[in-house]
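Each chain is listed here by its residues.
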Amino acid sequence: MNPRPGPGLRQALLATLMASLLAGGLASCGGGGNGSAFMVPPPAAATPQPPATGGGSTNPIDPIDPTGQTPVELKLTTLSSRPDLVSGGDTLVEVEVPNDLKAADVKVLSNGNDVTAMLEASTDGRKLRGLVSGLAVGANKLVAQVGPDKAYGELAVTNHPITGPMFSGPQLSPFECRTSESGLGAPLDASCSVNTRLEWFYFTSAGVRQSLTDPFGPRPADIANATTIDGKTVPFIVRVESGTINRSIYRIAVLDDPAVPGQLNSAGWNRRVVFRFGESTAAQYNQGSNSVTDAFKSDAVDQQSIKALERGFAYVVSTLNINKVNVNDVVAAETATMIREHIAKTYGVPRWMVGMGGSGGAIQQMLIAQNYPGILDGIMPDAAFPDVFGTAMAVSDCRLLNRYFAANPASSGARKAFEGHMNTVCANWDAGNGNAILATNGAVSPACGLNDSSKVYNTLTNPAGARCTVYDINVNSLGRDPATGFVRRPLDNVGVQYGLDGLRKGLITATQFLDLNENIGGYDADGNIVKPQRTVADAEGLTRAYELGRIGSGSGGLATVPILSVHPYAEPGGDIHTIYNDIKIREQLMKANGRADNQVIWLFPNPQLAQVIGKPAQVLPLSLLLRDLMLTRLTLMTTWLDGITADPAALTADKVALYKPADAVDSCWDVNDGTRYKEVATLNGSGMCNTLYPKTPAPRMVAGGPASDDVLKCQLKPLDDADYAPVVLTGPEKLRLQGIFAQGVCDFGKPGVGQAKLKGTWLKY
C-alpha cells in the first residue's frame, strides 16, 4: 500500500516541484559540494561504513571499451535522499550533462524502462532533473546514456515501502491505528495508512484563524497578509497536508495562495522547514493521534508555529515524533528522514530543516542529531534531556527514594541530600513517569497505550503479551535475553551510595545514610520495587545501549549541529525539567569532542515563578519577554544555518563555530526585572545566573557520580574509610556498611560497566 495523492493531484504537484527545481530552487543542506542535497552517511549494520562521498553514481564505467573509446561519464544523483534510503517508489534524480553533450541526447532508464520523459533540462542545459517513479521495493538500477557508447552512468537505488521500515528493523507489534481519532477516517491497511488530503486556512487581519472552504474562489475580505523572511508579501493562507508515512500521521503546513487545484503556489515558502517534536515519555503500542490544527498549536507565550508560518517556513508535526507516543529514537529518525524526503519530492529540496520542541521532544532531537546526522541541520531542544535511558535512571532512582521517604518521613533538607533536587521534584517524577519502566503500565493509560487490554503483558495470565516499558519499545537495539525472552534492560543501582555527598557535608547522619541504603531496594524484571536487593543490569544490554546510541554521548552528529535551547526554570514549583541537564549535555559534548561551542543555553524563568516569589506583577512582562525570545531564537538559528548551508565547505565543528551569530551566547534572564546576563553556563560556578537559579543535581550525582551523569552501572571498588571523610564511621557502622555493600561500592572515577564509544552513525537494525 502506498497512499498518495490521486494522479491529477500528483501530476500538478510534480509540475510545481519541477518549476521550483528548474528555477534554481535547489539548495545544498550544507557540507561538501558534491551535488547531493541530502548529505548523510549510509546505514551501517554491525560495522558502520565510512561516510560516502555523495548520492552520486555507483559502478563507474569500465575504462576498457570494445570500440576503443572510453565513454564520457554521466553522474546521477538522488536529491531527495541518499540512493539507499529511498521510500515510496520514487526519487528526485539529477543527471549532470558535460559541456560537450546535449541534454536532449541523454536517455535515462529505470530498471531498463525509459523514464527520460520524467526529467527536464535546466535552463543552461547542463542538468536533467525530475521525479523518477515506478521503483520496485528493494534494489533498482538507474542508467543515463548517450548512444551506445558515447556517454554512460549508473546509480544503484534501494527503495523502501512508504509504510517503512527503512533502517529501524522489525516494526513494533501489536500496533493500533489512530487515524479515525485524528479525523482521517478508518485506516486503509494494517500499516494504518490513509489517503493524503489537503486543507486550507487563512488568518484574518485580527489574527484569527479561519477555514478557507473555497481555496480557489474569491478571497475573504478580512484576509491578512504575511511577509516572509525573504521580503515577499503574500496572502496569509496556509495549506495543511495530512497523511501517513512510516505508520506516523504527519501534518505539513506552508503558505499557499492556491490558483490551480493540486498545485502549491510556492511563492511564500522560504525553502526552510521547522519540524516540531512532541513532549513527554511513555511506552505505547499505537500510532498516536493529532489533528489538522496541531500545525497551528500556540498559546499566549508560544507563538512559534504561527510566526514561523507567517515568515514563510514550512511547519511539520508527526505522531511518531512525539516522544510520549514513540520512545524509539531510531523510528523517530526514520520517520523524520522519510518526511523530509517527501517534502523534497513534493515541495522542493529544503535549504535546511531545524528541530524544535521541549522535554521528550528535546530527547528526540538530541538522539536524532547524535545518531542520524543530516536529518536535522540544527536543533532547538527546550527543557532538554539528552536521552531516554539516562533519564530513566534518574526517574527510577527518584521513585525508589520517594517511596522510601513515604514510609520513612524526613526533613526537606535530608531528602534533598539524597535526591539532589528541590522538594517535590522526585515525587513528581515518581507520579508522572515512574511507570515507564513498569511492564504492566508504561506511564500511560490505558496500559501500553492499547485499547485492547488483552494484548498487554501479565505475568500470570498473558506472559507473552506486550510489555509496557521504554526498554521493550527499543528491543531492536537492546536485544532479548534468550533465557527469559525479555529485553536486555540497562538499568542498575548496585553499589550506589545514595546521599554520599550529603553525608560528607554533614547534611545527613551516618544512621540516615545507612538506613536508606539498606532499605532502598531495586526493581525486578517487570519494574516492580523489590527489597532489599538492588537492580542488576543486563551486561550486553549496557554495551548495546552505549554503542548503538541510546545513551547521549555528545558524539556522532552532535559535534557539528547547532544547538540553541531555551530552558524555562520552575524547579521551586517541583518542575521535573531540571536545569542541570543542560550542563550534563555540555559535559558529554566536552568529553566526546573537547569543545561545546555549538551549544547555546538560554535560561529563562518560567513566568509563573514570579508569582511563587511574591512578584505577581512580573508574570505578564516575563510572559511577553519569553514569547519574543522564542521568536528571536528562530531568527538567530536561521542566520546560523543560512551561513552554514551557503558555504560549500565540508561540515566541521570549526565551520559551525564560524557562522555562530554574535548574540548566540549562554545567557539567563532575571525573574525580578527581566535583565539579561550573558554568562557561560556552569554547574555551580559564580555569577548571577547560578545565584538566581542554582542547579540541583540528580540522585546519582549526589551519590558521587560525574556531571555527565552517564554511568548506568558503575564499576565497584572495596570500601575505603577515606571516601567518607571528614565523617568517621564507628565499628558497628562499618560492619553494617559492609553488609549493605558486600560486593563493593561505586567507583565513579572509572567508566561505567559496558560504557563504550558510539559505534557509528546511521546504524541499521
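Residues numbered from 1 in each chain as written. Predicted model: local features only at pLDDT ≥ 70, side-chain atom pairs only at ≥ 80, totals over all residues. Heavy atoms only, no water.

### Some details on the environment of Thr578
Position of Thr578 among the secondary structure elements: in the loop between β23 (563–569) and α12 (580–593). We classify Thr578 as buried; its relative accessible area is 1%. (Helix = DSSP H or I, 4+ residues; strand = E, 2+ residues; numbered from the N terminus. Buried < 20%, exposed > 50% of the residue type's maximum accessible area, 1.4 Å probe, protein only.)

### Thoughts on the confidence of the model for the protein
The predicted model of the protein averages 92 in pLDDT, with 91% of residues at 70 or higher. Counting contacts from residues 1–54, a segment whose pLDDT is below 50, to residues more than four positions away or on other chains yields 154 contacts. Scored below 50 in pLDDT, residues 58–66 makes eleven contacts in the model with residues more than four places away or belonging to other chains. (pLDDT = per-residue confidence, 0-100. Contact = heavy atoms within 4.5 Å.)

### Let's talk about the sheet that holds strand β7 (residues 119–121)
Strand order in the open sheet formed by four strands is β2-β4-β8-β7, with antiparallel pairing between adjacent strands. Taken across any chain shown, the strands that pair with only one partner, and hence form the sheet edges, are β2 (75–78) and β7. Strand-to-strand twist of the sheet, defined as the mean angle between neighbouring strand axes without regard to direction, takes the value 20°. The sheet contact formed by β7 and strand β8 (residues 127–132) spans three bridges and is antiparallel. Within the sheet, the bridge partner assigned to Glu120 lies in β8 and is Arg129. (Pairing = 2+ DSSP bridges. Axes fitted to C-alpha atoms, helices over the stretch in contact; angles between N-to-C directions.)

### Here's the deal with the pairing of strand β20 (residues 378–382)
Burial analysis of β20 places five of its five residues in the buried class, which makes it a mostly covered element. Neither face of β20 is left uncovered, since the one carrying Gly378, Met380 and Asp382 and the one carrying Ile379 and Pro381 both have all their residues buried. Note: strand β19 (residues 352–358) against β20, five bridges, orientation parallel. Directly across from Gly358, in β20, lies its bridge partner Asp382.

### Here's the deal with the state of the cysteines
The tally for this structure, following the rule as stated, stands at five disulfides. Each sulfur of the disulfide joining Cys177 and Cys192 lies 2.1 Å from the other. Given an S-S torsion of about -80°, the disulfide between Cys177 and Cys192 has left-handed geometry. In this pair, Cys177 is assigned in the loop between β10 (151–160) and β11 (197–203) and Cys192 in the loop between β10 and β11, connecting sequence segments 15 residues apart. For Cys192, a relative accessible area of 0% translates into the label buried. Taking only the cysteines that form disulfides and numbering them from first to last, the protein has the pattern 1-2, 3-4, 5-6, 7-8, 9-10. (Disulfide = S-S within 2.5 Å.)

### Details of the packing of helix α5 (residues 389–407) against helix α7 (residues 425–433)
Two elements in contact, α5 and α7, have axes separated by 8 Å at closest approach and are oriented at 110°. Between α5 and α7, the angle is such that the two are roughly perpendicular. Contacts from Thr391, Val395, Cys398, Arg399, Asn402 and Arg403 of α5 reach α7 at Cys426, Ala427, Trp429, Asp430 and Asn433. Taken together, the residues of the contact of α5 with α7 break down into five nonpolar, three polar and three charged. (Parallel < 35°, antiparallel > 145°, perpendicular 65-115°, else oblique. Nonpolar A, V, L, I, M, F, W, Y, C, P; charged D, E, K, R; others polar.)

### Considering the side chain of His160
With respect to the element layout, His160 can be found in strand β10. When sequence neighbours within four positions are dropped, the list of residues in contact with His160 reads Asp84, Leu85, Val86, Ser87, Gly88, Pro165 and Met166.

### Section: the packing of aromatic side chains
The final tally for this structure, using the stated rule, is 19 aromatic pairs. Residues Phe405 and Phe418 carry aromatic rings whose centres are separated by 5.9 Å and whose planes lie at 55° to one another, so their mutual orientation is tilted. In this pair, Phe405 is assigned in helix α5 and Phe418 in helix α6 (residues 412–419), connecting sequence segments 13 residues apart. By the burial criterion, Phe405 is buried, and Phe418 matches it. Ring pairing ties together the aromatic residues Phe201, Phe203, Phe236 and Phe296, which thus form one cluster. Over the aromatic face of Tyr457 sits the side chain of Arg467, whose NZ or CZ is 4.7 Å from the ring centroid. (Phe/Tyr/Trp six-rings, centres within 6.5 Å; stacked < 30°, edge-to-face > 60°. Lys NZ or Arg CZ within 6 Å of the ring centre and 35° of its normal.)

### Notes on the pairing of β19
Along β19, six of the seven residues are buried, which leaves the element largely enclosed by surrounding structure. As paired elements, strand β17 (residues 272–276) and β19 share five bridges and run parallel to each other. From the neighbouring strand, Val273 faces β19, where its bridge partner is Met353. Regarding topology, helix α4 (residues 360–371) serves as the crossover connection from β19 to the parallel β20, and that connection is right-handed. (Right-handed = clockwise from strand over helix to strand, strands pointing away.)

### Some remarks on the pattern of salt bridges
In a structure, side chains of opposite charge can pair up when their charged atoms sit close to one another. Scanning the entire structure with this criterion turns up 40 salt bridges. Two residues, Glu419 and Arg415, come together in a salt bridge whose shortest N-O distance is 2.8 Å. Of this pair, Glu419 and Arg415 both sit in helix α6, four residues apart, which is roughly one turn of that helix. Classification of Arg415 by relative accessible area gives buried; the value is 17%. Overlapping salt bridges, with partners in common, bring together Asp230, Arg272, Arg351 and Asp642 in one network. (Salt bridge = Lys/Arg side-chain N within 4 Å of Asp/Glu carboxyl O.)

### Observations concerning the environment of Leu76
As for its placement among the helices and strands, Leu76 is situated in strand β2. For Leu76 and Gly348, which are 272 residues apart along the polypeptide, the C-alpha to C-alpha distance reads 18 Å.

### Some thoughts on the environment of Arg178
Relative to the elements of secondary structure, Arg178 occurs in the loop between β10 and β11. Judged by its relative accessible area of 10%, Arg178 falls in the buried class. Once the C-alpha coordinates of Arg178 and Arg247 are considered, the two residues, 69 residues apart in sequence, prove to be 10.0 Å apart. Apart from the residues lying within four places of it in its own chain, the contact partners of Arg178 are Ile249, Asn286, Gln287, Gly288, Ser289, Gly449 and Asn451. A polar atom in the side chain of Arg178 sits 2.9 Å from the side chain of Glu176. (Polar contact = N/O pair within 3.5 Å; in protein donor to acceptor, adjacent residues only side chain to side chain.)

### Brief notes about the side chain of Arg489
Positionally, Arg489 belongs in the loop between α8 (475–478) and α9 (500–504). Polar side-chain contacts of Arg489 include one of 2.9 Å to the backbone oxygen of Asp524.

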